[in-house]
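Structural characterization, general
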Amino acid sequence: MTRAVLLDIEGTTTSISFVFNVLFPYAAANIPRYLATHTDAETEAACVVVLADATPEERILGGRDAVVAVVRRQMAGDVKAGGLKQLQGLVWKHGYESGAIRGQVYADVPEMLRAWKAAGREAAIYSSGSRLAQELLFRHSEGGDLTPLLAGYYDTTSGPKREASSYRTIADAWKKRVDEIVFCTDQPGEAEAARGAGMPVIILMRPGNAPLPANLPFEIHADLRKV
């Protein structure tokens, strides 16, 4: 049995519909209001990063209007930009803490996180969302505060999810061998990258996930109970 479990979020621990129908719309609707009422250092730093990607036309708008324009363009194009992720995380933090949103997880997630913890198996998250966004989802989840059951959070600062080197980087940071970690994801491209690093892989086929190609060389399960 592998010692540790590395979990994707979207389509693995959490439904794709929650991400696209709850989190993204909440951020899009609330970023302008948030920017109008928050001038703290963390928000200002995120705005600086966002503006680094502004077009000349967006820069002409100036100030927070320019930030909003960049964010709307990036979200419409599903751009995985660092500044956007930072700002989304701050807006979601406000939403989670106010009770406006709660983190959706599948029923087997709290169950298995507790079971792994009891068995001495560590679990961590690897998602394209920021580490702040990851932690918030599990801290304010429908299953309660799950953060005591997680050993860490990794995002694309460890590398792209479809590159084998990213999984070696995570294993090094986690102080484990790659073959001591099993990666759970719904994405065959991510599974291939993890396997290329020497990491065992399980693909999750959750309700609402995209159909999988035939004859994939991976274990495929409906939930986490066989991990």
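This section reports on the structure supplied with the text. (Residues numbered from 1 in each chain as written. Predicted model: local features only at pLDDT ≥ 70, side-chain atom pairs only at ≥ 80, totals over all residues. Heavy atoms only, no water.)

As enumerated under the stated definition, the model contains 6 aromatic pairs in all. Ring plane angle 45° and centroid distance 6.3 Å describe the contact between Tyr-154 and Trp-174, whose orientation is recorded as tilted. Of this pair, Tyr-154 sits in strand β3 (residues 152–154) while Trp-174 is found in helix α8 (residues 164–174), placing the two residues 20 residues apart along the sequence. Taking the relative accessible area as the measure of exposure, Tyr-154 reaches 11% and is therefore buried. Relative accessible area serves as the criterion here: at 8%, Trp-174 is assigned to the buried category. (Phe/Tyr/Trp six-rings, centres within 6.5 Å; stacked < 30°, edge-to-face > 60°. Helix = DSSP H or I, 4+ residues; strand = E, 2+ residues; numbered from the N terminus. Buried < 20%, exposed > 50% of the residue type's maximum accessible area, 1.4 Å probe, protein only.)

Let us look at the packing of helix α1 (residues 16–37) against helix α5 (residues 82–98). Running from amino to carboxyl end, α1 crosses α5 at an angle of 95°, the nearest separation of the two axes being 9 Å. As the angle between them shows, α1 and α5 are arranged roughly perpendicular. Judged by residue contacts, Phe-18, Leu-23, Phe-24, Tyr-26, Ala-27, Asn-30, Ile-31, Tyr-34 and Leu-35 of α1 engage Leu-87, Gln-88, Leu-90, Val-91, Trp-92, His-94, Gly-95 and Tyr-96 from α5. (Axes fitted to C-alpha atoms, helices over the stretch in contact; angles between N-to-C directions. Parallel < 35°, antiparallel > 145°, perpendicular 65-115°, else oblique. Contact = heavy atoms within 4.5 Å.)

Turning next to the side chain of Gln-134. Considering the arrangement of structural elements, one finds Gln-134 in helix α7 (residues 131–139). The contact partners of Gln-134, leaving out residues within four places of it in the chain, are Ile-9, Ile-125, Ser-127, Gly-129, Tyr-153, Tyr-154 and Asp-155.

On the basis of which strands lie adjacent, the open sheet formed by 6 strands has the order β3-β2-β1-β4-β5-β6 and parallel pairing. Each edge of the open sheet is held by one strand with a lone partner, namely β3 and β6 (219–221). Taken pair by pair, the neighbouring strands of this sheet meet at an average axis angle of 25°, ignoring direction. Lying over the sheet, α7 contacts β2 (122–126) and β3, oriented at roughly 135° with respect to β3. Its contacts with the sheet put helix α9 (residues 188–196) on β4 (181–185) and β5 (201–204), and the angle it makes with β5 is roughly 175°. (Pairing = 2+ DSSP bridges.)

It is worth spelling out the pairing of β2 at this point. β2 sits mainly inside the fold: 4 of its 5 residues count as buried. Bridge count for β2 against β3 is 3 bridges, and the pairing is parallel. Residue pairing in the sheet places Ala-124 in a bridge with Gly-152 of β3. In this region the chain leaves β2, passes through α7 and returns to the parallel neighbour β3; the handedness of that crossover is right-handed. (Right-handed = clockwise from strand over helix to strand, strands pointing away.)

For the structure on display, the rule yields 17 salt bridges. For Lys-161, the salt bridge goes to Glu-190, with nearest N and O atoms at 3.4 Å. Placement of the pair is Lys-161 in the loop between β3 and α8 and Glu-190 in helix α9, with a sequence separation of 29 residues. The exposure class of Glu-190 is buried, given its relative accessible area of 9%. (Salt bridge = Lys/Arg side-chain N within 4 Å of Asp/Glu carboxyl O.)

Core analysis: the largest hydrophobic core is formed by 49 residues, its most contacted members being Leu-87, Trp-92, Leu-113, Trp-116, Phe-138 and Leu-224. Top contributing element to this core by residue count: α1, with 7 residues. In this structure Phe-138 touches Ile-9, Thr-13, Val-105, Val-109, Ile-125, Gly-144, Asp-145, Leu-146, Thr-147 and Leu-150, once residues within four positions along its chain are discounted. Counting residues in hydrophobic clusters, the runner-up holds 21 residues, among them Ala-4, Val-178, Ile-181 and Ala-194. (Core = buried A, V, L, I, M, F, W, Y, C linked by side-chain atoms within 4.5 Å.)

Turning next to the layout of surface pockets. Computed from the structure, the largest pocket encloses a volume of approximately 730 Å³. Forming the walls of the largest pocket are 32 residues, and the residues nearest its centre are Glu-10, Lys-80, Ser-127, Ser-128 and Gly-129. When residues of the lining of the largest pocket are traced back to their parent elements, those giving at least two are α1, α4 (63–76), α5 and α7. Residues of the lining of the largest pocket, tallied by class, amount to 14 nonpolar, 9 polar and 9 charged. (1 Å grid on protein atoms, 1.4 Å probe; cavity = no way out; pocket = protein on both sides within 12 Å on 5 of 7 lines; lining within 4 Å. Points joined across faces, edges and corners; volume = space filled by probe spheres on them. Nonpolar A, V, L, I, M, F, W, Y, C, P; charged D, E, K, R; others polar.)

Any functional reading would require information that these geometric values do not contain.
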